Amino acid sequence: MILRAILAGLLSLGVIVALGWAVLERPAPVENLPERVASAMPESGVEHPITAVLLNFRSYDTLLEIAVLLLAVVVALALREAQPDRPEQMGLDNPLLRSVMAWLLPLILVVAGFLLWAGSYQPGGAFQAGSVLAAAGVLLRLAGAHLGWLDNAALLRAGLALGLLTFIGIGMVVMLPGVPFLTYPEAHAGTLILAIELTLTLSIGLTLLSLFRLNPPYADDPDDARTQGGPKP
Amino acid sequence: MPWLDLFLGFTLCVTAGLALIARDMFRAVIMFIVFGLLMAVAWVRLQAPDIALAEAAIGAGLTGVLLLDTLGYLRRPFGSRVDNPDDRS
């Protein structure tokens, strides 16, 4: 037992030393990437370097990321059925939370819109705005609001796929003059990026919210008070 | 402000350790959320506000909510978690 502890300790120490050595002795970067980004900024269509990299210079990576996110939610939807919102089972159905939400909801939506818009010139962007939107949805659900339109499977799937489809669509439309996939024309780059980000925000928000709604189905258990009195779906 | 950074790094290690060794799942989830928020501050200190925003919103916020939600289901009686064929429409 003691031998094993000593062995584990030595092993961890070795890993720490190796990590420290790797951090201290890292090779110098071959190319000065920040400088290359800075020199290419004028043709990106946005003013914030992170957004320029994410949605213009390396937009193919972002496209694949969104595809992975969509794949994840598709698999999750296949494994679990979405629970219909049953306010009486969320346990937080009280007038105070509802009235606070009435004040908070417009504020949250404004913040999400601001984050989306700010992404072109300062930190912000589709992912952050999308998660703020999803947070608004989660709060609404906890407050017992009925989000019936989310039960419409066709509408939900269209919303989930909207971001990726717009991304691919715009990426292909710009190929018409004979340039590679996702090479935006300089004059319209800003508008195209904003359009992509807007649809991405909606899809990401919907993705995160629908992940939250996926729960193991309730069963009829006489000992479980939470299933009593709830309407059958 | 080296002392602030040192304190931040130390607290990050402590909260990460507490989240890992906590016996009580609820405590572990809370520690994870605290870790996420401190991590967001650390990203700001590293001059990466973009990552800080994403960390605070997704890492601490939504993941925390998802974990708490899962915990709520895990705490229900075991028998009531099975699939009921009548429940499917």
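Note that the structure is a prediction, hence the values are computed from the model and not measured.

Participant: Hey, could you run me through the overall build of chain B in this one?
Facilitator: Across its full length, chain B holds three helices and zero strands. For chain B, the α and β elements follow one another from N to C terminus as α-α-α. Within chain B, contacts between residues separated by at least 24 positions form 43% of all contacts whose residues are at least 6 apart in sequence.

Participant: Please explain the overall build of chain A as it appears in this structure.
Facilitator: The secondary structure content of chain A amounts to nine helices and zero strands. In sequence order, the secondary structure elements of chain A are arranged as α-α-α-α-α-α-α-α-α. Buried residues in chain A amount to 26% of all 233 residues. The long-range share in chain A, meaning contacts at least 24 apart out of those at least 6 apart in sequence, stands at 74%.

Participant: Help me out: how do you make sense of the confidence of the model for chain A in this one?
Facilitator: Predicted coordinates in regions of low pLDDT should not be interpreted in detail. Residue and element names in this part refer to chain A. Per-residue confidence for chain A gives a mean pLDDT of 83, with 86% of residues at or over 70. Across chain A, the element-wise mean pLDDT spans from 57 in helix α5 (residues 87-90) up to 93 in helix α1 (residues 2-24). Predicted confidence for residues 219-233 stays below pLDDT 50, and this span has 24 contacts to residues more than four positions away or in other chains.

Participant: Got a minute to help me understand the confidence of the model for chain B in this structure?
Facilitator: All names here are of chain B. Taken residue by residue, chain B gives an average pLDDT of 83. The fraction at 70 or more is 84%. The model gives residues 81-89 a pLDDT under 50, and that stretch makes 13 contacts with residues more than four places away or in other chains. Predicted as a complex, the structure gets a pTM of 0.76 and an ipTM equal to 0.70.

How each quantity is defined
Residues numbered from 1 in each chain as written. Chains lettered and ligands numbered in written order. Predicted model: local features only at pLDDT ≥ 70, side-chain atom pairs only at ≥ 80, totals over all residues. Helix = DSSP H or I, 4+ residues; strand = E, 2+ residues; numbered from the N terminus. Contact = placed C-beta atoms within 7 Å. Buried ≥ 20, exposed ≤ 12 C-beta atoms within 10 Å, placed from the backbone. pLDDT = per-residue confidence, 0-100.

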